[in-house]
Amino acid sequence: MSPGAKGMGSGTSRRTRCLRSVYSGHRGGINWLCLSPDGDHLLTCSEDGTARLWKTKGLQCCALLQGHDSYVTHGHLENDVAYTCSADHTVRKWDMATGGCMHVFRGHTSIVNRVLVASGCLFSGSYDRTARCWSPDSGRQLQEFRGHRNGVLALAHFSAQDLVPDYALSGREGGDFLVTGSTDCTVKLWLVPDGRCCHTLRGHQGAILCMLLDVPGRTLFTGSRDHTVRCWDLATGEQTRVLQDHQGSIICLEFVNRHLYSGSTDRTVKCWMVASGECVRTYKSHRHTVSTLQFHEGVLFTGSADSYARAFDTTSGILRRVFKGHKFIINGLQVHDQMLYTVSHDCTMRVWDVRGLYKCDHCEDSESRWKGSFGIGLSRVGRNRVGCLGFSNRPTTATSTRNDQEGREDTLELD
């Protein structure tokens, strides 16, 4: 067991047996969790100004990424390098083998909220109202996307060749496009090579908090503080559908097999048939904001500001399991190799055994479902400064959990 892990003792309840390890190496809330494409590593990004790399096999911390001057907001993993962005206005590139910083990308003038790597480029979005494109190898800024009137919270990328063959945007064929969502209530589509804004998508009445692309379906989904999810045609920039049934801000999105899942501050997840716009199922039992979600083999995993993770059968909507142990909002989760990884603002990562959750008659053929590769959900809410969101429902009364110099933990209670 690694130095940051805590033993689980000899408890005999099912809930205790599901919890395999608790990792408490961070000394600040964990804002982000991501999995490398090959499934070998996890990246955690924290308010303590560091990020950590973990091996999924044996789950040992293999690198401590130090160098940022403020809290780390977001990260991205390739198979050999990691990228992090921070409130110190920079993005950093790290060697996963050594943990050394390879480049510092400077130019933003405010908190950097998002990083994205696509088509050989590094993209970043910031509260300075811009998105930027960088060379991952040289660290040089290649393009600046300026035009939003407020901060950029969400990024996505697609290439014209990924769409139908007759696709053309603004009279130009081919090319790469960056999509940016902002707190100014708009989404913009940019042609990457020249930084030109091709479309400004208007219709939302609140900040854009999350976005997801269905490139084969030529559709962009956006979730907003105005309680709606909107669907847009990527080729024309036209709004094609408004999904209205939530009673709170839309925090996170997931698209699988023609179904869109949306998590909200109204304490629910809703499942939509994209073709018709019909809400076909509502997943309840959350006691606070649904902050993050992931579909995996017929099971919908959710993380909430009530400190619990949950697993629902996507077909029946039945709550299959509750993962209890965190002391504050769950900011991210990943499912890999029959293990659920959750990270929280209580400074810990927890690992849960999810074997036994899957039933063949409820599982979808993994080859028959398509998941948007560029979906980004703003999963951090409440006291986590990255999202800068207020709860639309009753607040929690809490004392933030932090590890002090002696490794002790304060506790937090939810109403």
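Predicted, not measured: the structure shown is a model, and the values here were computed from it.

Of regular secondary structure, the protein chain possesses one helix and 34 strands. When burial is assessed residue by residue, the protein chain has 59% of its 415 residues classed as buried. Here the analysis covers contacts within the protein chain between residues at least 6 apart in sequence; of these, 47% occur between residues at least 24 apart. Of the roughly 16100 Å² that the protein chain leaves accessible, carbon and sulfur atoms contribute 43%.

So, about the sheet that holds strand 15 (residues 152-159). Pairing is antiparallel in the open sheet, where four strands are placed in the order 15-16-17-18. The outermost strands of the open sheet, each flanked by one partner alone, are strand 15 and strand 18 (196-201). Neighbouring strand axes in the sheet, compared pairwise and without regard to direction, differ in orientation by 20 degrees on average. Here five bridges tie strand 17 (residues 187-191) to strand 18, and the two strands are oriented antiparallel to one another. The partner of Trp190 across the bridge, within strand 18, is Cys197.

Each strand in a sheet pairs with another by means of backbone hydrogen bonds, the pair being arranged parallel or else antiparallel. A sheet is described by the order of its strands in space; here four strands give the open sequence 3-4-5-6, paired in antiparallel fashion. Both edges of this open sheet fall to strand 3 (30-35) and strand 6 (61-65), since each of them pairs with a single strand only. In this sheet, adjacent strand axes meet at a mean angle of 15 degrees when their direction is disregarded. Summarising the sheet, strand 5 (residues 51-55) and strand 6 pair through four bridges and their orientation is antiparallel. Looking at the pairing, Arg52 lines up with Leu64 of strand 6.

Its identity as a non-glycine residue notwithstanding, Leu59 has a phi of 40 degrees, on the positive side. Note on placement: Leu59 falls in the loop between strand 5 and strand 6. Of note in this structure, Cys185 is not a glycine but carries a positive phi near 80 degrees. Locating Cys185 in the fold gives a position in the loop between strand 16 (176-182) and strand 17.

Strand 28 (residues 299-304) sits mainly inside the fold: six of its six residues count as buried. Every second residue of strand 28 is oriented toward a common face, with Val299, Phe301 and Gly303 on one face and Leu300, Thr302 and Ser304 on the other, all of them buried. When strand 27 (residues 290-296) meets strand 28, the two strands line up antiparallel, connected through six bridges. Each residue of the ladder has a partner; that of Gln294, found in strand 28, is Phe301. Hairpin remark: strand 28 followed by strand 29 (residues 309-313), antiparallel, with four residues in the connecting loop; positive phi at Ser307, about 85 degrees.

Our next topic: the packing of aromatic side chains. Summed over all chains, the structure comprises nine aromatic pairs. When the centroid spacing of 5.7 Å and the interplanar angle of 70 degrees are considered together, the rings of Phe105 and Trp134 count as edge-to-face. Taken as a pair, Phe105 in strand 10 (residues 101-105) and Trp134 in strand 13 (residues 130-134) lie far apart in primary sequence, 29 residues in all. For Phe105, a relative accessible area of 0% gives the class buried. On the numbers, 5.4 Å between centres and 65 degrees between planes, the contact of Phe323 with Trp352 is edge-to-face. Of this pair, Phe323 sits in strand 30 (residues 319-323) while Trp352 sits in strand 33 (residues 349-353), and the two are 29 residues apart along the sequence. Residue class for Phe323 comes out buried when judged on its relative accessible area of 1%. Taken together through their ring pairs, the aromatic side chains of Tyr261, Tyr283, Phe295 and Phe312 make up a single cluster. Above the ring of Trp32, the side-chain terminus of Arg114 is found at 5.3 Å from the ring centroid.

Before going further, it helps to examine the confidence of the model for the protein chain. Residues shown with low pLDDT carry predicted positions that ought not to be read at fine detail. Per-chain confidence: the protein chain averages 84 in pLDDT, with 80% of residues scoring 70 or above. Considering only residues more than four positions removed or in separate chains, one finds that residues 7-13, a stretch of pLDDT under 50, has eight contacts. The low-confidence segment residues 360-415 (pLDDT under 50) makes 166 contacts with residues lying over four places distant or belonging to another chain.

What follows covers the pattern of salt bridges. Within the structure shown, the criterion is met by twelve salt bridges. Between Asp128 and Arg132 there is a salt bridge, with its nearest N and O atoms 3.5 Å apart. The same class applies to Asp128 and to Arg132, which are both buried. We note a salt bridge from Asp353 to Arg355, for which the minimum N-O separation is 2.4 Å.

Reading the values: the criteria
Numbering of residues starts from 1 in each chain and follows the order in which that chain's sequence is written. At least 70 in pLDDT is required for a residue's local features to be given in this predicted model, at least 80 for side-chain atom pairs to be given and counted, and no such filter applies to totals for whole chains, interfaces and linings, which use all residues. Values shown for side chains rest on all heavy atoms present in the structure; no hydrogens or waters enter the calculation. Helical segments are the DSSP runs of H or I of at least four residues, strand segments are the runs of E of at least two, and each set is numbered from the N terminus. Note on exposure labels: buried denotes an accessible area under 20% of the residue type's maximum, exposed denotes more than 50%, and partly exposed covers the range between, all computed with a 1.4 Å probe on protein chains only. Contacts between residues were defined by any pair of non-hydrogen atoms, one from each residue, lying within 4.5 Å. Computed with the Shrake-Rupley method and a 1.4 Å probe, the accessible areas treat only the protein chains shown as cover for residues. Two strands make a pair as long as DSSP finds a minimum of two bridges between them. Between the N-to-C directions of two axes lies an angle of 0 to 180 degrees, each axis being a line fitted to C-alpha atoms and, for a helix, fitted only over the stretch in contact. Stacked, tilted and edge-to-face pairs are distinguished by plane angle, under 30 degrees for stacked and over 60 for edge-to-face with tilted covering the rest, among Phe, Tyr and Trp rings (Trp via its six-membered ring) whose centres lie within 6.5 Å. We call a charge positioned above a ring when the Lys NZ or Arg CZ atom is no farther than 6 Å from the ring centre and deviates by at most 35 degrees from the ring normal. Note on scores: pLDDT gives the predictor's confidence for each residue, bounded by 0 and 100. Salt bridge, as applied in this entry: a Lys or Arg side-chain nitrogen positioned within 4 Å of an Asp or Glu carboxyl oxygen.

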